[in-house]
Amino acid sequence: MVRPVERDDRASWEPLWAGYNAFYGRSGPTALPAEVIDVTWRRFFDAYEPVHALVAEGDDGRLLGLVHYLYHRSTISIAPTCYLQDLFTDDQARGKGVGRALIEAVYDRAREAGSSRVYWLTHETNERAMILYDQVATKSGFQVYRKAL
C-alpha cells in the first residue's frame, strides 16, 4: 500500500532515508547533518512547502520504501512540473514491485496537480534501478551539469 507519510512514521522512515543517502555516498563523515534531516522531515507536513513524501507499507505495517517529490515552475509550461527527487526501497523488498508502485503513485498525484510531466535523475551506476526506469519512463537524453557553491 502506498500512502502519504505520517508524523508517526519518522522512526520507520529514517532508516530508509539513511539507506538512500548511503547509496549516494552520504554516510559516516559525509552523512547529512541532523538539521537537514529535521528540516526535510518538517517540510513534508508544511502546506506552504512544495515537497511531498509517500511511503510503501507492507501487509505487516512495516515501511518498505519511500519517494519524495516536489513541484516547480517551468519556463516552457504553465502547469507545474513534478520532480521525483528521492526513491528508495528496502533491500528485502526489491524486485517485488514496490519501486514501481511508488513511481506510479507519484504519477497519479502529479496528474491530480495538473503537472505536465514527472522527471528524475539517477546515477549512471544505478543499473538495477534503471531496469525499472526504462519500463516506466523514457530517457530524456540530457546530461546533468552542476557546480557546488
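Structural notes, computed from the coordinates. Sequence order sets the numbering: in each chain, residues are counted from 1 along the sequence as written. Two thresholds apply to this predicted model, a pLDDT of at least 70 for residue-level local features and 80 or more for giving and counting side-chain atom pairs, whereas whole-chain, interface and lining totals are computed over all residues. Each side-chain value is worked out from all heavy atoms of the structure, with water and hydrogens disregarded.

With that settled, the discussion passes to the overall build of the protein. Here a helix means four or more residues in a row that DSSP labels H or I, a strand means two or more in a row labelled E, and each is numbered from the N terminus. When helices and strands are counted, the protein shows 4 helices and 5 strands. Reading the helices (α) and strands (β) of the protein from amino to carboxyl end gives β-α-α-β-β-β-α-β-α. Here the C-alpha coordinates of the protein stretch approximately 40 × 35 × 35 Å along the principal axes. Accessibility here uses a 1.4 Å probe with only protein chains present; expressed as a share of the type maximum, an area under 20% marks a residue as buried, one over 50% as exposed, and anything in between as partly exposed. Out of the 149 residues belonging to the protein, those deemed buried represent 36%. We call two residues in contact whenever any of their non-hydrogen atoms come within 4.5 Å of each other. Residue pairs in contact within the protein that sit at least 24 positions apart in sequence constitute 59% of those at least 6 positions apart. A total accessible area of about 9900 Å² is found for the protein, and carbon and sulfur atoms account for 52% of it. Each charge sign in the protein was given a centre, from 18 positive and 20 negative side chains, and these centres are 6 Å apart. The protein chains shown are the only cover counted for residues, whose accessible areas, like all others here, come from Shrake-Rupley with a 1.4 Å probe. Only four residue types enter the charge count, namely Lys and Arg as positive and Asp and Glu as negative; His and the chain termini do not. Throughout, a charge is located at the NZ atom of Lys, the CZ atom of Arg, the CG atom of Asp or the CD atom of Glu.

What follows is about the nonpolar core. The nonpolar core is taken to be a set of buried Ala, Val, Leu, Ile, Met, Phe, Trp, Tyr and Cys residues, with the residues joined through side-chain atoms within 4.5 Å. In this structure, V67, L84, L87, I103, V106, W120 and Y133 are the most contacted members of the largest nonpolar core, which totals 23 residues. Sorting the residues of this core by element identifies β2 (51-57), β3 (63-72), β4 (81-89), α3 (98-112) and α4 (127-136) as the ones contributing at least two each. Broken down by element, this core gets its largest block of residues, 7 residues, from α3.

Looking now at the pairing of β2. The buried fraction of β2 is high, at 6 of 7 residues. Pairing geometry for strand β1 (residues 2-4) and β2, over 3 bridges, is antiparallel. Paired with R3 across the two strands is V55, which belongs to β2. Strand pairing is assigned whenever DSSP detects at least two bridges linking the two strands. Of the pairings in the sheet, the one linking β2 to β3 comprises 7 bridges and is antiparallel in character. Following the sheet pairing, V55 is matched in β3 by L66.

Bringing the pairing of β3 into the picture now. Where burial is concerned, most of β3 is hidden: 9 out of the 10 residues are buried. Linking two consecutive strands that pair antiparallel, namely β2 and β3, is a turn of 5 residues; a positive phi of about 90 degrees is found at G61 within it. Sheet topology note: the β3/β4 ladder contains 8 bridges and is antiparallel. The residue bridging L66 from the neighbouring strand is F88, located in β4.

Relative to the helices and strands, H72 is located in strand β3. Residue H72 is classed as partly exposed on the basis of its relative accessible area of 27%. Sequence separation between H72 and P50 is 22 residues; the distance between their C-alpha atoms is 7.6 Å. Excluding residues within four positions of it along the chain, H72 makes contact with P80, T81, Y83 and Y119. Polar contacts, as counted here, are pairs of nitrogen or oxygen atoms within 3.5 Å of one another; within protein the pair requires one atom able to donate a hydrogen and one able to accept it, and residues that are adjacent in sequence qualify only if both atoms are side-chain atoms. Engagement of the side chain of H72 in a polar contact is seen with the side chain of Y119, the distance being 2.9 Å.

Before going further, it helps to examine helix α1 (residues 10-23). The span one expects for a helix is its residue count, reduced by one, times 1.5 Å. Spanning 14 residues, α1 covers 20 Å between terminal C-alpha atoms, matching the ideal 20 Å at 1.5 Å per step. Where α1 is buried, its residues meet α2 (34-43), β3 and β4. The first or second residue beyond α1 is G25, which carries a positive phi of 85 degrees.

Here we come to the packing of aromatic side chains. Only rings of Phe, Tyr and Trp enter the pairing, Trp through its six-membered ring, and a pair is recorded when the two centres are within 6.5 Å. The plane angle decides the type: under 30 degrees is stacked, over 60 is edge-to-face, the rest tilted. Under the defined criterion, the tally for this structure stands at 12 aromatic pairs. Three or more aromatic residues joined by ring pairs make a cluster, and in this case those are W13, W17, Y20, F23, Y24, W41, F44 and F45. The rule for a charge over a ring is simple: NZ of Lys or CZ of Arg within 6 Å of the ring centre, and within 35 degrees of the ring normal. Across the ring face of Y119, the terminal group of R117 is positioned such that the distance to the ring centre comes to 4.9 Å.

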